[in-house]
Amino acid sequence: MSLSKSLFPSLRASALAAVACCTLTSQSAHAIDIDAGDYTALPEGTNVVALYGQHAQRNSLYARGDQVNGNYGLDSNIGVLRIIHFTKIAGYIVDPQILLPFGELKAKGDVAPVLGKGSGVADAIFAATVWTLNDPVNRRYLGITPFVYAPIGNYDRNKALNLGENRWKYALQVGYIHGIGEKFTVDLAADVTVYGKNNRANAAGQTLEQNQSYQLQAFLRYDLRPGIDLRAGLSRGYSGSNQLDGVSQANTGNRVDKFQLGTAAFITPTTQVMALWGKDLTVSNGFKENSRINVRLLQLF
């Protein structure tokens, strides 16, 4: 989802302008958030349908690492439908998939008259992981995933909050899972995202460009018993700075550190539920999430 509107000068306004040029994805401002276990290669022929839901509250705004005085907030309610098919190509497990995000964004407090709200569908995401290491006996997996974001989501250049971004995006992620003993598992992921141009970034018709974004993620899982685990994760993301018609926008690059804690359980042999709570630990520019709840229902067949 994108935020795009030109605002007035001053530190407070430049912080809002930074927000207006930045990007919110369906799972916050990070590149590609994973859930622990995502890089598990399933057998050829397996199909997965997953439905995600996230509610996030942001009650503070930052510029250059400092909180901006004022009453600023942004709430989001985002869902994602994800469909995955596992197959085998040239001896490697591959999982072509599509993700369809949807939901709403709503500004609060002093910023509400400026940013307003937005709702609808976001840009479709196409991806496929290729597993170069698939060792279920030792719980070791290594996968490489290219992502393509197609700009089909709801977008209005006259609105500050949009679910769609009106630009193509491309990302590459590497994920690794390593079992430790019988109870512990470590999940690691790293990704980079590059951005196409948005040639309708605001009502003035300016062109938005953005530098690359990067993210590192790590989870630790503990198996309470087969099919039920506790999980905790940390991530650090760097969102690239923005340019409007070739002019660099101050305070638009963003570093976000976040934490999350939760559990996942198979309630039947083919149905899993997951719940996570998290928050941002540090933010350099933009809104800071003070609370985030993620839930997921996953069905294998």
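None of the values given here were measured: they were computed from a predicted structure.

J.: So what's going on with a nonpolar patch on the surface? Residues and values would help.
T.: There is a patch of nonpolar side chains on the surface, built from Leu51, Phe102, Val121, Ile267, Val273 and Leu297 and spanning about 500 Å² of accessible area. Mapped onto the elements of the fold, Leu51 is located in strand S2 (residues 47–63).

J.: Describe the nonpolar core, listing the residues and the values that go with them.
T.: The biggest cluster of nonpolar side chains holds 41 residues, and the ones touching the most others in it are Leu115, Trp131, Phe147 and Phe287. The contact partners of Trp131, leaving out residues within four places of it in the chain, are Asp38, Tyr39, Thr40, Ala41, Phe86, Tyr92, Ile93, Asp95, Tyr141, Leu142 and Gly143.

J.: Which residues make up the sheet that holds strand S13 (residues 208–210), and what values go with them?
T.: Backbone hydrogen bonds hold the strands of a sheet together, and the pairing may be parallel or antiparallel. Read across the sheet, three strands follow the order S13-S16-S17 without closing on themselves; strand pairing throughout is antiparallel. Pairing within the sheet leaves two strands with one partner each, and these edge strands are S13 and strand S17 (247–248). Strand direction decides the pairing type here: strand S16 (residues 242–244) and S17, joined by two bridges, are antiparallel. Counterpart to Gln243 in the pairing with S17 is Ser248.

J.: Mind laying out the pairing of strand S19 (residues 271–283), listing which residues take part and the relevant values?
T.: In this structure, strand S18 (residues 254–268) lies alongside S19, joined through twelve bridges in antiparallel fashion. Bridged to Phe266 within S19 is Gln272. Here S19 runs beside strand S20 (residues 286–300); their pairing, made up of eight bridges, is antiparallel. From the neighbouring strand, Leu276 faces S20, where its bridge partner is Asn294. Once S19 ends, the chain turns through two residues before running back antiparallel as S20.

J.: Let's hear about the side chain of Asp280: which residues, and what values?
T.: Structurally, Asp280 is set in strand S19. The buried category is assigned to Asp280, whose relative accessible area is 4%. For Asp280, the side chain forms a polar contact with the main-chain nitrogen of Glu289, separated by 2.9 Å. There is a polar contact of 3.0 Å between the side chain of Asp280 and the side chain of Arg292.

Basis of the calculations
Residue numbers run consecutively from 1 along every chain, following the written order of its sequence. Restriction of local features to residues with pLDDT of at least 70 applies here, the model being predicted, together with a cutoff of 80 or more for giving and counting side-chain atom pairs; totals for whole chains, interfaces and linings are based on all residues. Note that the side-chain values use all heavy atoms of the structure and ignore hydrogens as well as water. Patches draw on residues past 30% relative accessible area with no salt bridge. Two like charges within 9 Å are joined, as are two nonpolar side chains (Val, Leu, Ile, Met, Phe, Trp, Tyr) within 5 Å. All accessible-area figures derive from a Shrake-Rupley calculation using a 1.4 Å probe, and residue coverage is judged against the displayed protein chains alone. We count a salt bridge whenever a side-chain nitrogen from Lys or Arg sits within 4 Å of a carboxyl oxygen from Asp or Glu. Under the scheme used here, helices are H or I runs from DSSP no shorter than 4 residues and strands are E runs no shorter than 2 residues, and both carry numbers assigned from the N terminus. The term nonpolar core refers to a set of buried residues drawn from Ala, Val, Leu, Ile, Met, Phe, Trp, Tyr and Cys, joined through side-chain atoms within 4.5 Å. Only protein chains enter the accessibility calculation, which uses a 1.4 Å probe; a residue is then buried when its area is under 20% of its type maximum, exposed when over 50%, and partly exposed in between. What makes two residues a contact is simply this: any of their non-hydrogen atoms within 4.5 Å. Pairing between strands requires that DSSP locate at least two bridges from one strand to the other. In protein, a polar contact means a hydrogen-donor-capable atom and an acceptor-capable atom, both N or O and within 3.5 Å, with residues adjacent in sequence counting only if both atoms are side-chain atoms; elsewhere, any N or O pair within 3.5 Å suffices.

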